[in-house]
Amino acid sequence: MRNQVLAFAFCSLICGSTFAQQKSPQRMLPAEQEMTLQYGADRLGKRHDAAMERFRDNRLGAFIHWGLYAIPGGEWNGKVYNGAAEWLKSWAKVSADEWLKLMDQWNPEKFDAKKWARMAKEMGVKYVKITTKHHEGFCLWPSKYTKYTVANTPYKKDILGELVDAYNKEGIDVHFYFSVMDWSNPDYRYDIKTKEDEEAFRRFLEFTDNQLKELATRYPTVKDFWFDGTWDASIKKNGWWTAHVERMLKELLPGVTINSRLRADDYGKRHFDSNGHLMGDYESGYERRLPDPVKDLKVTKWDWEACMTIPENQWGYHKDWSLSYVKNPVEVLQRIVHSVSMGGNMVVNFGPQADGDFRPEEKVLAEAIGRWMKKNGECIYGCDYAGLEKQDWGYYTRKGNDVYMVVFNLPFSKWLTVKTPRGLKPVEAVTLDGQKVKVVETTNNEYNVAVPEKVAGEPFVIKLKVETVEGAVDKYKAALT
Ligand code: H76
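Reading the values: rules and limits
- The residue numbers shown here count from 1 along each chain, following its written sequence.
- Local features in this predicted model are restricted to residues whose pLDDT is 70 or higher, and side-chain atom pairs enter the listing and the counts only when it is 80 or higher, whereas totals over whole chains, interfaces and linings include all residues.
- Where side-chain values are given, they derive from all heavy atoms of the structure, hydrogens and water being excluded.
- Here a helix means four or more residues in a row that DSSP labels H or I, a strand means two or more in a row labelled E, and each is numbered from the N terminus.
- Throughout, the radius of gyration refers to the C-alpha atoms, and the reference size of a globule is 2.2 Å times the residue count to the power 0.38.
- Any residue under 20% of the maximum accessible area for its type is buried, any over 50% is exposed, and the rest in between are partly exposed; the area is computed with a 1.4 Å probe on protein chains only.
- Residue contacts are counted whenever heavy atoms from the two residues lie within 4.5 Å of one another.
- The protein chains shown are the only cover counted for residues, whose accessible areas, like all others here, come from Shrake-Rupley with a 1.4 Å probe.
- For the charge count, each Lys or Arg is scored as positive and each Asp or Glu as negative, with His and the chain ends excluded.
- Charge positions are represented by NZ for Lys, CZ for Arg, CG for Asp and CD for Glu.
- Consider each residue's heavy atoms; a residue with any of them within 4 Å of a molecule or strand counts as near.
- We call two N or O atoms a polar contact when they sit within 3.5 Å, provided that within protein one can donate a hydrogen and the other can accept it, with sequence-adjacent residues counted only if both atoms are side-chain atoms.
- Amino acid classes used here: Ala, Val, Leu, Ile, Met, Phe, Trp, Tyr, Cys and Pro are nonpolar; Asp, Glu, Lys and Arg are charged; the rest, including Gly, are polar.

Draft legend 1. Here's a closer look at the overall build of the protein. Each helix and strand counted, the protein has 11 helices and 16 strands in total. Relative to the compact-globule value of 23 Å for 481 residues, the protein shows a C-alpha radius of gyration of 24 Å, a close match. The buried share of the protein, taken over its 481 residues, is 53%. Looking at the protein alone, contacts between residues at least 24 apart form 71% of all its contacts between residues at least 6 apart. Working note: accessible area of the protein is about 22400 Å², and carbon and sulfur atoms make up 52% of it. Each charge sign in the protein was given a centre, from 69 positive and 67 negative side chains, and these centres are 2 Å apart.

In structure tokens, the structure reads:
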């Protein structure tokens, strides 16, 4: 028992700091009791300008994790590490100098930005988040502030520039992933303990500002910056800088969106400030996990974007996917619909190979998602939380008076239960392939919707037209108990 208590205490200590950041915000204080913050939320509530509406309506995105880590693919000196491939430098304790020598092998001969863009288009994603620079420090653009860039590899060309052009030509928005933590820069600090740390970190933040300004000016069509590697004490002690970065980027790029992960307030509180208000434009803590569709409806009050890997936890290319469970297309779809049903976006990750091609499993998955999206995308793009109580058969999404029932589990009863808020009535139900479906009222605000006659062996969608009825009368008598 004592051991268990100790183990628990130990785990809380170790896990505490990371988990605390991910937890829901603290209860909001009444306005008069709120503390004054210089670097807290810049805004209360959701943004409603055109750029933000577009971000939200896009709903489905792809992540691209591509860097030097794609070359070893999880293996160093003959040993395969099961941890995330893009962290291999850390797992195998490789020095920065040695790691960055991988640049000599960076020559993705099969890389074809147009093919990547077509693949994304076929998959039905409306935006792609690209790792401009991951923790290793290697830049996919020819940054003039470091020598660790594509320009100094055998490939030489500006990969990021090619991708931005190709995606944009397909009408796909580009978002930039940017890791603040940079293992290639000797001025980076995990914490600030001495005067020397302070000076080094000041130089580091200036270097980071320069790189960000460089990205914003070289690629002005970028729609979003998604920050990562911002959890260290050094950054938490410099909340002012995170607020400054958001302002700086918004001045350079009107309309740009920024994730909550960038931000820390005056007290080092991250994502949500010390008054419980979201910082940045959308919450970005749902990584490889999702809010509970029944218990966590509070997330419908702010914008959020989740991201997921196809295996358990591999973002960069890893040569051996047999080391963890790999999600199938329906499992991925379910997470996409789950997110939209709670008012969030979903970004599915891809880790291209060092040769510039995608692994076969990722191609198959992208195609399967694309096939489904072509038929059913209407229940994803531009859709939001529906305000109806979740049922076991699947998820609701909604656009105006169209409520989409996305069915993942077929009931033996052949009826799909629908409970509506008082005054909201279904008037018609049809599948997206045009089959009319029967709706039977069973009791107050409850309906049975028939399982359509022809059901393909995959999740399907029923569109319920709803209307608001004034002065609804209760036809059914509640039990006297
Ligand atoms: C930890 C961590 C990083 N955040 C994910 C989005 C990946 O980039 C992973 O390496």
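Draft legend 2. Inspection of the site of the ligand at higher detail. If you check the shell around the ligand, you find His65, Glu86, Trp87, His134, His135, Tyr177, Trp226, Asp228, Trp231, Glu287 and Trp315 and nothing else. Interatomic distance of 3.1 Å between a side-chain N/O atom of Trp87 and an oxygen atom of the ligand. In this structure, a nitrogen atom belonging to the ligand sits 3.4 Å away from a side-chain N or O atom of Glu287. Here the ligand loses 88% of its free accessible area of 290 Å² to cover by the protein chains. In terms of residue class, the shell around the ligand is built from 5 nonpolar, 3 polar and 3 charged.

Draft legend 3. Local environment of the side chain of Thr300. Mapped onto the elements, Thr300 comes out in the loop between strand S7 (257-258) and strand S8 (304-308). Judged by relative accessible area, Thr300 falls into the buried class, the value being 19%. Within the structure, the side chain of Thr300 is placed 2.7 Å from the backbone oxygen of Leu297, a separation counted as a polar contact. Sequence-distant contacts of Thr300, that is, excluding residues within four places in its chain, are made with Lys46, Met342 and Tyr385.

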